[in-house]
Amino acid sequence: RGGDRGEELRFYGSEPSALILVAAVESVVRQSTGLEMSLNDATGRIKARYFVTDGEAGELDRIVPGAYVSAFGSLRAAPALHFSVNGLRLVESADEVSYHMIEAAHAALRLQQPEKQAETPAPKAAAGAAAEVPATPQKAEAAPIATPAPTPAAAPEP
């Protein structure tokens, strides 16, 4: 809520550039240039403004109070704190709401944890300890297996 006091808006210390919001529409005011809505995503309410292009006007008639929408855009602090919507569509399935909650929780956890760099683990034994490691035993040479020589076949008598 720092934006309404002139401070930068931050989530866990990070300034958001783009946000995705899945929320219930609580109220809609239709204007010639767009929609002004009150959205509730179960964490709170926020005013949202969406400016309409000519091709979208018919599709936006389905956005009514009680409908769920998926919107992407950015937070703006002027003239008052609001969500500036760049794209908007109706939610088609309740699964989208559940999936978005999981996605938002994951994003929050990632923002709370510092970046982890992949590192190669250090060797467990010191270089001097390598001399103490026994060498692989040599294979014992096996004596050749003696096989009996074939006996000559007796020649048939004439």
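What you see is a predicted model, and the numbers here were worked out from it, not measured in a lab. Throughout, a residue's number is its position along its own chain's written sequence, starting from 1. Local features in this predicted model are restricted to residues whose pLDDT is 70 or higher, and side-chain atom pairs enter the listing and the counts only when it is 80 or higher, whereas totals over whole chains, interfaces and linings include all residues. Heavy atoms throughout the structure, all of them, feed into the side-chain values; hydrogens and water do not.

Moving on to the nonpolar core. Nine residue types can take part in a nonpolar core, namely buried Ala, Val, Leu, Ile, Met, Phe, Trp, Tyr and Cys, and a core is a set of them joined through side-chain atoms within 4.5 Å. The cut-offs for exposure are 20% and 50% of the maximum accessible area for each residue type, with area from a 1.4 Å probe on protein chains only; residues under the lower value are buried, those over the upper are exposed, and the others partly exposed. Counting residues in each nonpolar core, the largest one holds 18 residues, and the members touching the most others are Met37, Leu39, Ile63 and Leu88. Numbered from the N terminus, helices here are DSSP runs of H or I no shorter than four residues, and strands are runs of E no shorter than two. Ranked by the residues each element gives to this core, the list is headed by strand β5 (residues 82–90), at four residues. If near-sequence neighbours (up to four positions away) are discounted, Leu39 is found in contact with Leu21, Ala23, Ala24, Val25, Gly44, Arg45, Ile46, Ala48 and Val69. Note on contacts: a residue pair is in contact if any heavy atoms of the two residues lie within 4.5 Å.

Glancing now at the confidence of the model for the protein. Confidence of the predictor at the level of single residues is captured by pLDDT, which takes values from 0 to 100. Here the protein averages 76 in pLDDT, and 68% of its residues register 70 or above. Ranking the elements of the protein by mean pLDDT puts helix α1 (residues 94–112) last, at 81, and strand β2 (residues 34–40) first, at 90.

By definition, a salt bridge exists where a carboxyl oxygen of Asp or Glu is found within 4 Å of a side-chain nitrogen of Lys or Arg. Evaluation of the coordinates by the stated rule reveals three salt bridges. Between Arg45 and Glu26 there is a salt bridge, with its nearest N and O atoms 2.5 Å apart. Here the residue Arg45 occupies a position in strand β3 (residues 45–51), and Glu26 occupies one in strand β1 (residues 19–30), the gap between them amounting to 19 residues. Note on Arg45: relative accessible area 60%, which makes it exposed.

A few words on the sheet that holds β5. Pairing between two strands requires that DSSP report at least two bridges joining them. With mixed pairing, five strands are arranged side by side around a closed barrel as β1-β2-β3-β5-β4. Taken pair by pair, the neighbouring strands of this sheet meet at an average axis angle of 50°, ignoring direction. With seven bridges joining them, β2 and β3 adopt antiparallel strand pairing. Note on β3: the bridge partner recorded for Glu36 is Arg49. Every angle, taken between N-to-C directions, lies between 0 and 180 degrees, and every axis is a line fitted to C-alpha atoms, over only the stretch in contact when it is a helix.

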